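So you can see what is in the structure, the chains are spelled out below.
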Amino acid sequence: EPEVTQTPSHQVTQMGQEVILRCVPISNHLYFYWYRQILGQKVEFLVSFYNNEISEKSEIFDDQFSVERPDGSNFTLKIRSTKLEDSAMYFCASKRDANQPQHFGDGTRLSIL
Amino acid sequence: KNEVEQSPQNLTAQEGEFITINCSYSVGISALHWLQQHPGGGIVSLFMLSSGKKKHGRLIATINIQEKHSSLHITASHPRDSAVYICAVMSNFGNEKLTFGTGTRLTIIP
């Protein structure tokens, strides 16, 4: 069965550094999402992406965050200057169309030192 | 106030018991998801429903749109069912994002 693939599984970065989290959504999917989960807390929406543009973003998704679908297969989340509070599990999700469930990747655990 | 509330937060049961996890939400929705999160952190979609009832194996999900309530049932529970079960809703205002509950940690003892 097709899967959403996220790399790396664990990223350790110094505070202030830029980090790029990578996702390969399922190939015929059209809607893409990033979520994050701080340890011990619930999953929170960051951003949704459709038709090559952001369709919605949360208050968390400030100017330090950006998303890109550079080549039609990858979907990346960039954090420009990481803070300690960016430490979390980041999940990518995708779906084929509006009436289908979202499929999640296994997540990238981001640790900011 | 949280838009999505789950109960109980933690549930421990003996193998074979019938399990019920509840979810209440306060916003209008187009669909509700039940998700399973294993200790490694990965999230698996179990059900997406907007009315009635769905069944998959030993799992059953129901939703009552008028009462803004959904339940997830597990029959003949097994230790491998131990995980965090999360309810998430998709609003009906054109947004595609999911709003998540805090999850129910289920532990099934052999």
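From a predicted model like this one, the values you see are computed outputs, not experimental measurements.

Basis of the calculations
Residues numbered from 1 in each chain as written. Chains lettered and ligands numbered in written order. Predicted model: local features only at pLDDT ≥ 70, side-chain atom pairs only at ≥ 80, totals over all residues. Heavy atoms only, no water. Core = buried A, V, L, I, M, F, W, Y, C linked by side-chain atoms within 4.5 Å. Buried < 20%, exposed > 50% of the residue type's maximum accessible area, 1.4 Å probe, protein only. Contact = heavy atoms within 4.5 Å. Buried area = accessible area lost by both parts, 1.4 Å probe. Salt bridge = Lys/Arg side-chain N within 4 Å of Asp/Glu carboxyl O. Polar contact = N/O pair within 3.5 Å; in protein donor to acceptor, adjacent residues only side chain to side chain. Helix = DSSP H or I, 4+ residues; strand = E, 2+ residues; numbered from the N terminus. Pairing = 2+ DSSP bridges. Axes fitted to C-alpha atoms, helices over the stretch in contact; angles between N-to-C directions. Disulfide = S-S within 2.5 Å.

Undergrad: So what's going on with the nonpolar core? Residues and values would help.
TA: Membership of the largest hydrophobic core comes to 23 residues, with the highest contact counts inside it found for Leu32 and Trp34 of chain B. Setting aside residues no more than four positions away along its own chain, Leu32 of chain B makes contact with Cys23, Tyr25, Phe47, Met48, Leu49, Ile63, Ser70, Cys87, Ala88 and Val89 of chain B. Of all hydrophobic cores here, the second largest spans 21 residues; its members include Val19, Trp34, Val47 and Cys92 of chain A.

Undergrad: Got a sec to walk through the interface of chain A and chain B? Specific residues and values, please.
TA: With 19 residues of chain A at the interface, the matching set in chain B holds 18 residues. A combined buried area of about 1,500 Å² lies between chain A and chain B, and 58% of that area is made up of carbon and sulfur atoms. Considering only the side of chain A, the residues that lose the most area to chain B are Lys42, Glu56 and Phe104 of chain A, jointly responsible for 33% of the buried surface there. At the junction of chain A and chain B, the tally comes to one salt bridge. Measuring nitrogen to oxygen at the nearest pair gives 3.4 Å for the salt bridge that ties Glu56 of chain A to Lys97 of chain B. Our enumeration of links across chain A and chain B arrives at three residue pairs in polar contact (both at pLDDT 80 or more). The set of elements that each furnish at least two residues to the side of chain A that touches chain B consists of strand E4 (31–37) and strand E9 (88–95) of chain A.

Undergrad: Lay out the sheet that holds strand E7 (residues 65–68) of chain A in plain terms, naming residues and giving numbers.
TA: Residues and elements named next belong to chain A. Here four strands make up an open sheet; going across it, the order is E1-E3-E8-E7 and the pairing antiparallel. The two strands at the open ends of the sheet, each matched to only one other strand, are strand E1 (5–7) and E7. Along the sheet, successive strands turn relative to each other by an average axial angle of 15°, direction set aside. Bridge analysis of E1 against strand E3 (residues 19–24) gives three bridges, and the strand direction is antiparallel. Its bridge partner lying in E3, Gln6 is registered against Cys23.

Undergrad: Just give me the short version of the environment of Thr12 of chain B, but keep the residues and values in it.
TA: Residues and elements named next belong to chain B. Here Thr12 is to be found in strand E2 (residues 10–14). When its relative accessible area of 54% is taken as the criterion, Thr12 is described as exposed. In this structure the C-alpha to C-alpha distance between Thr12 and Leu106, which are 94 residues apart in sequence, comes to 5.9 Å.

Undergrad: I'd like a rundown of the state of the cysteines, residues and numbers included.
TA: Residue and element names in this part refer to chain A. On inspection of all chains with the given rule, the structure shows two disulfides over all chains. The side chain of Cys23 participates in a disulfide bridge whose partner is Cys92; the two sulfur atoms lie 1.9 Å from each other. Across the S-S bond of Cys23 and Cys92 the torsion is about -65°, and the bridge reads as left-handed. Here Cys23, found in strand E3, pairs with Cys92, found in strand E9; they are 69 residues apart in sequence, far enough to count as distant.

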